[in-house]
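If you want the building blocks of each chain, they are given just below.
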Amino acid sequence: MAILPNHFYQNQLDTHTPNMNKVILFNPRSANAKHRIPNTILQVGASIYEHYEFVFVDGNKERDPWEKINAYLATGDFKYFGCTVMPGPQLQQAIPITRLIKQQYPHVVTVWGGYFASNQYKVVMDSTYVDFIVDGPGDKAFPALLNALEQKQPYEFIQNLIWKTPEGVIIKNSKEALLDQDALPVLPYDYLHQFYPLEGYLPRTHLGQRTFAYHSSMGCPFKCSFCAVVPIYEARWRGKSAETIFRDVMYVKEKWQADAVEFHDNNFFVSEKRVRTFSELMLGQGMQWWGEARIDTMDSFSDDTLALMRASGCTMIFYGAETGNDTILKQMDKGGKQTGAQILRFAERLRQFNIVPEYSFVLGMPADTPEQVWAQIEDDITFIKKVKQINPDTEIIIYIYSPVPTEGSDLYQRIQEAGFKFPETLEDWLSPQWEKFDLRRNPLTPWLTPAMVDRIRQFETVLNAYYPTSSDIKLTSVQRKTMRLLSGWRYKSGIYHFPYELKALQKFWLRYRQPEWEGF
């Protein structure tokens, strides 16, 4: 595919078609700082660009997004409200604002999309203030819904749509095949720039001074039973070509001086051929980049590919290691060929290429007895320390297992039998404990005792002090040495209880990234 000239993006502004039934596309607040480009509403905006007039409202950039949204609605020109909703912080704005819209402007059609809306569709549709859910990509579904409502045509067969009959029956329409990502409309960066300066979406990170967030693919070809992506994409994946990715990256680099890229795909590295081509294109561009991958997939990559990736600027990759226990990996329905031995071997392999692996682990999986839960936790702590022994540069990110509604899976059946239940109303999700649950910080699972959670968190505190993260660009060498010195006896002895002295230092010095949700 030929690289499009810069004026191609700018020309979108000249083809924007006015329509009095305007659309608000809202991205609720997801983080307190270092905000990334709101790619979800940007892509939905691209799908309606030449057909409907719309505005962007980014909760990350507004002191009070309701004030901005209410001002738009008060003009009487806006008929549709689209809102992307990820689990966690975004619910704190998505729920009350959507409720207010339906109370004060009942004629406005409210449409939710995103992981939360798809996975918790029953409580969302029963809320009475969300009219429709786009269940998966909205590139076709969202404009098709607007067209149907405008033309008073049936929407009952629009794929990727969830709706409710007048009798209160929730209907999930069929899923559409994933679209050719290269054939989708170009993302309207210049139009977003009219609402919020794009420079404000390029934060300083460990990768560079101006880091650009980008989605290059949809879905993931695996069915991990703990993953929120699975019920939406059902083990399907489709990506943009390397040429299309490079085109977009170069546009933002040339116009707004981006010098680094975070690929927020669920699995950027599915295709070795695509990765090789992209890496070849990026040679000499002076940009560092990061993405998410599976260990077993990348372990099949050739040494030549890994060396090429590093030469092109790939410095760190996030991997879902999950656990070193092969039995639990099977329980998670991890799929593929990943094993505990491979996790260790691959951490060692990446050292020769100077690519830092970020390994995430999920502790606190269900078991038949409390003793078995304890044993699993202790085994994973031992395994994590083994990873750090093999490759000390490995970044370790620890999550406590939080169930997702993967209906029909053995794991979901098991947690239901153990007594776990999701909130029954949308408002219940606003409580602090459920917000932390969504961020995998508060499990709310009946098989985990407070002592177990404390053990995990205390080990995490000691680990992060003994091996301070390289991703914190503000941490000085003196601070790193101080924390390592104070935590050494705890890390080596396995005495993690009450590490108050380390917590005090970390409160002021240390902040670990949460790459699966931060900045989205």
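These numbers were taken from a predicted model, which means no experiment stands behind them.

K.L.:
Quick question: what am I supposed to make of the overall build of the protein chain here?
P.N.:
Each helix and strand counted, the protein chain has 21 helices and 15 strands in total. The C-alpha radius of gyration computed for the protein chain amounts to 23 Å, which stays within 12% of the reference 24 Å derived for 520 residues, consistent with globular compactness. Across its three principal directions, the C-alpha atoms of the protein chain cover 70 × 55 × 40 Å. The buried share of the protein chain, reckoned over its 520 residues, is 58%.

K.L.:
Quick question: what am I supposed to make of helix 11 (residues 272–282) here?
P.N.:
In an α-helix, one turn spans 3.6 residues, which is why side chains three or four residues apart end up on the same side. Among all positions of helix 11, only Arg274, Val275, Phe278, Ser279 and Met282 are buried. Take helix 11 and look down its axis: the buried residues cluster within an arc of 130°, on one side only. Where the residues of helix 11 are buried, they touch strand 9 (217–219), strand 10 (237–239), helix 10 (242–256), strand 11 (260–263), strand 12 (288–293) and helix 13 (303–312). Where helix 11 terminates, the next one or two residues include Gly284, which has phi positive at roughly 80°.

K.L.:
What is the right way to read the pattern of salt bridges from this model?
P.N.:
Two side chains that carry opposite charge are able to pair once their charged atoms sit near each other. For the structure on display, the rule yields 22 salt bridges. The closest approach of N and O atoms between Arg349 and Asp299, which form a salt bridge, is 3.1 Å. Linking Arg349 in helix 15 (residues 340–351) with Asp299 in the loop between helix 12 (295–298) and helix 13, this pair joins segments that are 50 residues apart in sequence. A relative accessible area of 14% means that Arg349 is categorised as buried. For Asp299, a relative accessible area of 17% translates into the label buried. Connected through salt bridges with shared partners, the residues Asp299, Asp303, Arg345 and Arg349 form a single ionic network.

K.L.:
Looking at this structure, how should I read the sheet that holds strand 6 (residues 161–164)?
P.N.:
Each strand in a sheet pairs with its neighbour through backbone hydrogen bonds, running either in the same direction (parallel) or in the opposite one (antiparallel). Ordered by their spatial adjacency, seven strands build an open sheet running 2-1-3-4-5-6-7, and the pairing between neighbours is mixed. The strands lining the two open edges of the sheet, one partner per strand, are strand 2 (54–58) and strand 7 (170–172). Sheet twist, expressed as the mean angle between neighbouring strand axes with direction ignored, is 20°. Two elements, strand 6 and strand 7, share three bridges in a ladder whose sense is antiparallel. Considered in strand 7, the bridge of Lys164 is made with Ile170. Helix 2 (residues 39–48) rests against strand 1 (22–27), strand 2 and strand 3 (78–84) of the sheet, and its axis sits at about 160° to strand 1.

K.L.:
What is the right way to read the packing of helix 10 against helix 11 from this model?
P.N.:
How two helices sit against one another is set out by the angle between their axes and by the gap between those axes. Contact pair helix 10 / helix 11: the axes reach a minimum separation of 9 Å and the direction vectors enclose 35°. Remark: the crossing between helix 10 and helix 11 carries right-handed chirality. Between helix 10, through Ala242, Glu243, Ile245, Phe246, Val249 and Met250, and helix 11, the contact on the second element is made entirely by Arg274, Thr277, Phe278, Leu281 and Met282. The class makeup of the residues in the contact of helix 10 with helix 11 is eight nonpolar, one polar and two charged.

K.L.:
Would you take a moment to explain unusual backbone geometry for this structure?
P.N.:
A negative phi holds for most residues other than glycine; trans holds for most peptide bonds. Positive phi is not limited to glycine here, since Lys34 has a value of about 50°. As for its placement among the helices and strands, Lys34 is situated in the loop between strand 1 and helix 2.

K.L.:
Can you help me understand the nonpolar core in this one?
P.N.:
Most often, soluble globular proteins have nonpolar side chains that are buried together. Judged by nonpolar contacts, the single largest core of 146 residues is most densely connected at Trp112, Tyr189, Met309 and Tyr359. When near neighbours in sequence (up to four residues on either side) are disregarded, Trp112 contacts Cys83, Val85, Ala94, Ile95, Thr98, Ala117, Val124, Val130, Phe132, Ile133, Val134 and Leu426. The next biggest cluster of nonpolar side chains, apart from the first, holds eight residues, and it includes Leu207, Ala260, Phe318 and Val356.

K.L.:
Would you mind showing me how to read the sheet that holds strand 11 here?
P.N.:
Pairing is parallel across the open sheet formed by six strands, whose spatial order is 8-11-12-13-14-15. Since the sheet does not close on itself, it has two edges, and those belong to strand 8 (211–214) and strand 15 (395–400), each with one partner. Taking each pair of neighbouring strands and ignoring which way they run, the sheet shows an average axis angle of 20°. Packing against the sheet, helix 13 makes contact with strand 12 and strand 13 (314–322), and its axis sits at approximately 125° to strand 13. Its contacts with the sheet place helix 16 (residues 370–390) against strand 14 (356–363) and strand 15, and it is angled at close to 175° to strand 14.

K.L.:
It is not clear to me how the pairing of strand 12 should be interpreted in this structure. Could you clarify?
P.N.:
Across a regular strand the side chains alternate sides, sitting on one face of the sheet and then on the other. The element strand 12 is extensively covered by neighbouring structure, given that five of its six residues are classed as buried. Where strand 11 meets strand 12, three bridges bridge the pair, whose relative direction is parallel. Opposite Val261, over in strand 12, you have Trp289 as the bridge partner. Remark: the strand 11/helix 11/strand 12 crossover connection has right-handed handedness.

K.L.:
Explanation requested: the environment of Thr40 in the structure shown.
P.N.:
Summarising the element assignment, Thr40 is placed in helix 2. According to the relative accessible area criterion, Thr40 is partly exposed, its value standing at 37%. Remark: the alpha-carbon pair of Thr40 and Pro468, spanning 428 residues in sequence, is separated by 32 Å. Excluding anything up to four places from it in sequence, Thr40 contacts Asn27 and Thr84.

K.L.:
Any chance you could explain the environment of Trp434 here in plain terms?
P.N.:
Relative to the helices and strands, Trp434 resides in helix 18 (residues 432–438). Its relative accessible area of 12% is what places Trp434 among the buried residues. Apart from the residues within four sequence positions on either side, Trp434 is in contact with Phe420, Lys421, Phe422, Pro423, Asp428, Trp429 and Leu444.

K.L.:
Help me understand the environment of Thr449 in this model?
P.N.:
Position of Thr449 among the secondary structure elements: in the loop between helix 18 and helix 19 (450–466). The class for Thr449 is partly exposed, based on a relative accessible area of 32%. A sequence separation of 37 residues divides Thr449 from Tyr412, and the C-alpha atoms of the two residues are 20 Å apart.

Here is what the cut-offs are and how they apply
Residues numbered from 1 in each chain as written. Predicted model: local features only at pLDDT ≥ 70, side-chain atom pairs only at ≥ 80, totals over all residues. Heavy atoms only, no water. Helix = DSSP H or I, 4+ residues; strand = E, 2+ residues; numbered from the N terminus. Rg over C-alpha atoms; globule rule 2.2 N^0.38 Å. Buried < 20%, exposed > 50% of the residue type's maximum accessible area, 1.4 Å probe, protein only. Arc of directions from axis to C-beta. Contact = heavy atoms within 4.5 Å. Salt bridge = Lys/Arg side-chain N within 4 Å of Asp/Glu carboxyl O. Pairing = 2+ DSSP bridges. Axes fitted to C-alpha atoms, helices over the stretch in contact; angles between N-to-C directions. Left-handed = near helix turned anticlockwise from the far one by under 90°. Nonpolar A, V, L, I, M, F, W, Y, C, P; charged D, E, K, R; others polar. Core = buried A, V, L, I, M, F, W, Y, C linked by side-chain atoms within 4.5 Å. Right-handed = clockwise from strand over helix to strand, strands pointing away.

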